[in-house]
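Here are the chains, one letter per residue:
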Amino acid sequence: GPEKSAGMRKLLEAKDCFVRSALDMPEQPTDGLPPHQKRVVDEQAELDVRLSKLDAFILENPKFLELPEAERGRLQEQSKAMALYLSILVKRISAF
């Protein structure tokens, strides 16, 4: 219902804020990183773009509300999983 949608919107916005704050950490130059670490940095950047697009669809696109409830739930679950994955990549990169 509308209350669940409003609650999900707040949850996604909070998650997005958390992820963005983690991404606002000083960016490390990739020059001099071994190839496997450069791949992790590239993966983090690509995932950030994909997550931003998914969250924009969920939060801003009226087509999202036209989807069946089960599909909306799966997309929201995917967003949470991607955010967790992104936060792990950020932690890994900060340890380089």
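For the structure, check the block above.
Let me sum up the structure you'll find in this document. (Residues numbered from 1 in each chain as written. Predicted model: local features only at pLDDT ≥ 70, side-chain atom pairs only at ≥ 80, totals over all residues. Heavy atoms only, no water.)

## Looking at the overall build of the chain
- A count of helical and extended segments in the chain gives four helices and zero strands.
- Along the chain, helices and strands appear, N-terminal first, in the series α-α-α-α.
- Looking at the 96 residues of the chain, the share that counts as buried comes to 30%.
- In the chain, the proportion of contacts linking residues at least 24 apart, taken out of those at least 6 apart, comes to 77%.
- As displayed, the chain has an accessible area near 6,500 Å², and 58% of this comes from carbon and sulfur atoms. (Helix = DSSP H or I, 4+ residues; strand = E, 2+ residues; numbered from the N terminus. Buried < 20%, exposed > 50% of the residue type's maximum accessible area, 1.4 Å probe, protein only. Contact = heavy atoms within 4.5 Å. Areas by Shrake-Rupley, 256 points an atom, 1.4 Å probe, with all protein chains shown as cover.)

## Looking at the environment of Asn61
- Tracing the backbone through its elements, the reader meets Asn61 in the loop between helix H2 (35–60) and helix H3 (62–66).
- A polar contact is formed between the side chain of Asn61 and the backbone nitrogen of Lys63, at a distance of 2.8 Å. (Polar contact = N/O pair within 3.5 Å; in protein donor to acceptor, adjacent residues only side chain to side chain.)

## Considering the packing of aromatic side chains
- For the structure shown, the criterion picks out one aromatic pair.
- Judged by centre distance (5.9 Å) and plane angle (90°), the rings of Phe57 and Phe64 are edge-to-face.
- Judged by relative accessible area, Phe64 falls into the buried class, the value being 4%. (Phe/Tyr/Trp six-rings, centres within 6.5 Å; stacked < 30°, edge-to-face > 60°.)

## Details of the environment of Tyr85
- Relative to the assigned elements, Tyr85 resides in helix H4 (residues 69–94).
- Tyr85 sits in the partly exposed class, given a relative accessible area of 35%.
- For the pair Tyr85 and Gln44, spaced 41 residues apart in the sequence, the C-alpha separation amounts to 8.8 Å.
- Residues within four places of Tyr85 in sequence aside, it is in contact with Glu43 and Leu47.

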